[in-house]
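Examination of the molecular architecture
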Amino acid sequence: MAIIVNLDVMLAIRKMSLTELSNSVGITMANLSILKKGKAKAIRFSTLESICKTLDCQPGDILEHRPE
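Before going into details, it helps to say that this report is about the structure given with it. Per chain, residues are indexed from 1 in the order of the written sequence. Confidence filtering applies because this is a predicted model: local features only for residues at pLDDT of at least 70, side-chain atom pairs given and counted only at 80 or more, and all residues used for totals across whole chains, interfaces and linings. As a rule here, side-chain values come from all non-hydrogen atoms in the structure, and water together with hydrogens is ignored.

**Concerning the nonpolar core**
Rules: Definition of nonpolar core: a set of buried residues of the types Ala, Val, Leu, Ile, Met, Phe, Trp, Tyr and Cys, connected through side-chain atoms within 4.5 Å. Relative accessibility thresholds used throughout: buried, under 20% of the residue-type maximum; exposed, over 50%; partly exposed, between the two (1.4 Å probe, protein chains only). Only DSSP runs of H or I with at least four residues qualify as helices, and only runs of E with at least two residues qualify as strands; both kinds are numbered from the N terminus onward. The contact definition used throughout considers only heavy atoms, calling two residues in contact when any of these lie within 4.5 Å.
If you look at the biggest cluster of nonpolar residues, it comprises 16 residues, and the most contacted ones within it are L7, L21, L32, I51, L55 and I62. Going through the elements one at a time, α1 (7-14), α2 (18-25), α3 (29-36) and α4 (45-55) are the ones with two or more residues in this core. Among the elements that take part in this core, α4 stands out by supplying four residues, more than any other. If near-sequence neighbours (up to four positions away) are discounted, I62 is found in contact with I4, V5, N6, L7, M10, L48, I51, C52, L55 and C57.

**Describing α1**
Our working definition: An arc is given here, and it is the one of the directions from the helix axis to the C-beta atoms.
Within α1 the residues assigned to the buried category are L7, M10 and L11. End-on view of α1: buried residues confined to an arc of 100 degrees, all on one side of the axis. With respect to the buried face of α1, the exposed residues turned more than 90 degrees away are A12 and I13. On its buried side, α1 packs onto β1 (3-5), α2, α3, α4 and α5 (59-62). One or two positions beyond α1, positive phi appears at K15, with a value near 55 degrees.

**Quick look at the layout of surface pockets**
Applicable threshold: Cavity means a closed set of points on a 1 Å grid over the protein atoms alone, one where a 1.4 Å probe fits but cannot get out, pocket means an open set with protein on both sides within 12 Å along at least 5 of 7 lines, and lining means a residue has an atom within 4 Å of a point. Grid points are joined across faces, edges and corners, and a volume is the space filled by probe spheres set on the points. In this classification, the charged set is Asp, Glu, Lys and Arg, the nonpolar set is Ala, Val, Leu, Ile, Met, Phe, Trp, Tyr, Cys and Pro, and all remaining amino acids, among them Gly, are polar.
Taken as a whole, the largest pocket spans an internal volume of roughly 230 Å³. Taken together, I27, N31, L32, I34, L35, A40, A42, I43, R44 and T47 form the lining of the largest pocket. Its residues assigned to classes, the lining of the largest pocket comprises seven nonpolar, two polar and one charged.

**Remarks on unusual backbone geometry**
The phi angle at K15 is positive, at roughly 55 degrees, despite the residue not being glycine. Note that K15 resides in the loop between α1 and α2. Positive phi outside glycine occurs at D56, with the angle close to 50 degrees. Along the chain, D56 falls in the loop between α4 and α5.

**Re the environment of K37**
With respect to the secondary-structure elements, K37 resides in the loop between α3 and α4. The exposure class assigned to K37 is exposed, which follows from its relative accessible area of 59%. Between the alpha carbons of K37 and N6 there is a distance of 9.0 Å; along the sequence they are 31 residues apart.

**Details of the side chain of N6**
Note on placement: N6 falls in the loop between β1 and α1. Dropping the residues within four chain positions of it, N6 is found in contact with D61, I62 and E64.

Next comes the structure, spelled out in structure tokens:
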């Protein structure tokens, strides 16, 4: 897939664990893990917005497009 998920990078920059993000955003650890590993097929804008608010970042900081 040409969409790269940099959630682990943003978590490291913000010094936040996946558990802390899960608790803050209200998304299960399993679903965040799927997203972090790049295995998710879709993400709701409301979920992306919550993650961005919590991590104080832009969607482009988390999602990246790389041509194949």
